[in-house]
Amino acid sequence: MSMEFLMATGIGALTAVGLYLILLRRTFPVVIGLSFLSYAVNVFLFTMGRLAIDRPPIIGSTSAGYTDPLPQALVLTAIVITFGMTALIVVLSLRAFLETGADDVTLGIRADEEPSVPHRDEVVR
Amino acid sequence: MTSQWLIVPVAVPAMTAAMLVLALRHSLTGQRIISVTATAAQLIAAISLYVLAGDGEPRAYLLGNWPAPFGIVLVLDRLAATMLLLAGLLAFGVVIAAIGAWDRRGRHFHALFQFQMLGINGAFLTGDLFNLFVFFEVLLIASYGLMLHGGGARRLKAGFHYIAVNLIGSTVFLFAVGAIYATTGTLNMADLAVKVGQVAADNQALLAAGALLLLTVFAIKSAMVPLHWWLPPTYGSTSPPAAALFAIMTKVGAYSIIRVYTLIFGADAGALADIATPWILPAGIVTLVLGTIGVLANRSLLDLVCYSVIASMGTLLIAIGLTSTAGLAAALYYAVQSTITSAGLFLLAGLLLKEQDGRGPLVRLPQPVLLYAGLYFLLAIAMVGMPPLAGFIGKFLILDAGRAASHMASVWPAILVTSLLLIIGFTRAGIRLFWNGPGVAETPAPRVAPMLPTIVVAGMITAVAMLSLLAGPVMNDMTATAEQVLAPQRYIAVVLRPRLASNLSGE
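What comes next concerns the included structure. (Residues numbered from 1 in each chain as written. Chains lettered and ligands numbered in written order. Predicted model: local features only at pLDDT ≥ 70, side-chain atom pairs only at ≥ 80, totals over all residues.)

Examining the overall build of chain B
Next, step 1: What chain B contains, in helices and strands, is 20 helices and four strands.
Next, step 2: Its C-alpha radius of gyration of 22 Å places chain B within 12% of the 23 Å reference for a compact globule of 507 residues.
Next, step 3: Buried residues in chain B amount to 60% of all 507 residues.
Next, step 4: Taking all contacts inside chain B whose residues are at least 6 apart in sequence as the whole, residues at least 24 apart take part in 79%. (Helix = DSSP H or I, 4+ residues; strand = E, 2+ residues; numbered from the N terminus. Rg over C-alpha atoms; globule rule 2.2 N^0.38 Å. Buried ≥ 20, exposed ≤ 12 C-beta atoms within 10 Å, placed from the backbone. Contact = placed C-beta atoms within 7 Å.)

Written as structure tokens, this is what we have:
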């Protein structure tokens, strides 16, 4: 089984899992699904420089060849950005949960749906 | 030709935002002074750059002085200068309108505002596809903060939707960038324009997939059907100044569509020439129709404004989809006027509506009612495209361009019928707002609206009126812009072969 096939199925599986989780109606699976999607795209970007084993990312006189360094720089940027975004959306969904008492993603806000949850002012401040 | 001034619209907001966060975090007055000054500086820079770009010669700025396909390049041409000027004007109005009530509701409003301007200006100036992604992220991260500014349960829920949709959009952007890099080996837009035509036949499917994935991303940004559902809850539940600033964000999507599908996948792209054209015009018509239905079906003023923004994006996409010089020029004119008008409508809606947790049709009219009814009337006229304001001229130009491009059977009925329905929708909302006010028994104490946003709304109406008074000279500029956009050889030469290009232009 070639390495390309392994990478392609891996990216496909990550994307499928991410898409499935995003379509669920609770915020936690949606956040996890977004993380899966970002893993998929990171691996995808990485393979776009073509798969090469034991090659340095720089042209040298002693090595047989080189691997493209640019996708690695792109992946680094993408990782930083998606990490920040994931942190933000985690905090936001936590805050929304504390304010509304439900981690449902729907916009209809029913404050009296779960009476066991304390009043939001007491929770937040 | 290179110019050092191109970095100003990016550098000023970046440094201002950092200073606001680090040095002035406890002084709201200081934040206001610095933020307004910086926004005014950006407006002045945008005006100067517009004058600079007026000679028809694109200019490149090499970041770190790395030569073009290897480093990141900023490019100023007429299109970028027009959008910068629009962003500068809008930002100046919005930052003044935000002073007083809204920048006090939460912390760091002005810092987030400047970061958002950094992303918007950068997206208009950049000549690199991955750098466009980065600036998109900058403006999105800032917009998340602005969107949530003020807090509240409803805003948090809508914010979660907005962030999730845009995170998926960013992922799709990265997939598209990866596919394009894999087949061409470059991400510089000018370099891409050269290389897209030379891609080997067995790689073209992957490149086409990348190109259309990119269109999906821009469709999310520009609220193109069927990717427009995020807009009404987001804009409808955020604070009015933030919504007014977001009026330019849909235009960032439209700008990206124009830039990428004329420069990279334009007429010279070989097998992939005009790859997005079959999609943009039909999508624009459906967007316009659905936005109009939303306007008719609205239950609150903010819904009305949000769906009219979608309808105006539909009109704009139709004009872009005509892919003619006249269509593109009309699109730019319409984009400028609809941005200012929708920002004015959002600010006015904020003045009319009482802030509350849920979003309902609850209205408490400020005094004097006649003044605010008049402002609503003028903005509604501009939005639906009635004479004498610029919306009429914009739609008229689009119709004229549609006649020339033999799309008359689809474009004319779409725009004319929806204009009538928009008039009905806005009239109905106006009657409900100003004539069916609260009964005498429940009339609350007279409320005086804050002065600054009112002045800004009046100023925006004046700007739209000026746009229709000066329609002739403005359209000359827009036509020159469209001609420059549709003939990108000069742009490519300036970016990739700066020495040769400057030798050719200098005697």
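Things to note about the overall build of chain A
Next, step 1: A tally of regular secondary structure across chain A gives four helices and zero strands.
Next, step 2: Listing the helices and strands of chain A from first to last along the sequence gives α-α-α-α.
Next, step 3: Looking at chain A alone, contacts between residues at least 24 apart form 49% of all its contacts between residues at least 6 apart.

Examining the interface of chain B and chain A
Many descriptions give the size of an interface as the accessible area lost when the pieces come together.
Next, step 1: Each partner contributes residues to the interface: chain B has 22 residues there, and chain A has 27 residues.
Next, step 2: Those elements giving two or more residues to the side of chain B that touches chain A turn out to be helix H5 (129-147) and helix H6 (153-184) of chain B.
Next, step 3: The element contributing the most residues to the side of chain B that touches chain A is H6(B), with 17 residues.

Considerations on unusual backbone geometry
Residues and elements named next belong to chain B.
Next, step 1: Of note, the bond from Val225 into Pro226 is cis; its omega dihedral lies within 30 degrees of zero at 5°.
Next, step 2: Considering the arrangement of structural elements, one finds Pro226 in the loop between helix H8 (204-221) and helix H9 (231-237).
Next, step 3: Geometrically, the link from Pro387 to Pro388 is a cis peptide bond, its omega value of 10° lying close to zero.
Next, step 4: Of note in the backbone geometry, Asn65 takes a positive phi value of approximately 60° without being a glycine.
Next, step 5: With respect to the element layout, Asn65 can be found in the loop between strand E1 (59-62) and strand E2 (73-76).
Next, step 6: Owing to 8 C-beta atoms within 10 Å, Asn65 belongs among the exposed residues under this scheme.
Next, step 7: For Ala223, which is not glycine, the phi dihedral falls at a positive 55°.
Next, step 8: With respect to the secondary-structure elements, Ala223 resides in the loop between H8 and H9.

Observations concerning the pairing of E2(B)
Residue and element names in this part refer to chain B.
Next, step 1: Because side chains alternate across E2, one face comprises the buried residues Val73 and Val75, and the other comprises Leu74 and Leu76, equally buried.
Next, step 2: Direction of pairing for E1 relative to E2: antiparallel, over a ladder of four bridges. When the bridges of E2 are listed, Tyr61 appears paired with Leu74. (Pairing = 2+ DSSP bridges.)

A closer look at helix H1 (residues 8-22) of chain B
Residue and element names in this part refer to chain B.
Next, step 1: For H1, built from 15 residues, the straight-helix expectation of 21 Å at 1.5 Å per residue is met to within 8% by its first-to-last C-alpha distance of 21 Å.
Next, step 2: Those residues of H1 that sit buried are Pro9, Val10, Val12, Pro13, Thr16, Ala17 and Leu20.
Next, step 3: Those residues of H1 that are buried are in contact with helix H2 (28-53), helix H3 (78-98) and helix H4 (109-125). (Expected span 1.5 Å × (residues − 1).)

Things to note about the environment of Leu24(A)
Residues and elements named next belong to chain A.
Next, step 1: Mapped onto the elements of the fold, Leu24 is located in the loop between helix H1 (3-22) and helix H2 (27-47).
Next, step 2: The partly exposed category is assigned to Leu24, around which 13 C-beta atoms lie within 10 Å.
Next, step 3: Separated by 80 residues in sequence, Leu24 and Asp104 have C-alpha atoms that sit 9.5 Å apart.

Side note on the environment of Pro58(B)
Residues and elements named next belong to chain B.
Next, step 1: Tracing the backbone shows Pro58 in the loop between H2 and E1.
Next, step 2: Exposure remark for Pro58: the 24 C-beta atoms within 10 Å place this residue in the buried category.
Next, step 3: For Pro58 and Leu24, which are 34 residues apart along the polypeptide, the C-alpha to C-alpha distance reads 38 Å.
Next, step 4: Leaving out residues up to four positions away in the same chain, Pro58 has contacts with Val75, Leu76, Asp77, Arg490, Tyr491 and Val494.

Any functional reading would require information beyond the geometric quantities listed.
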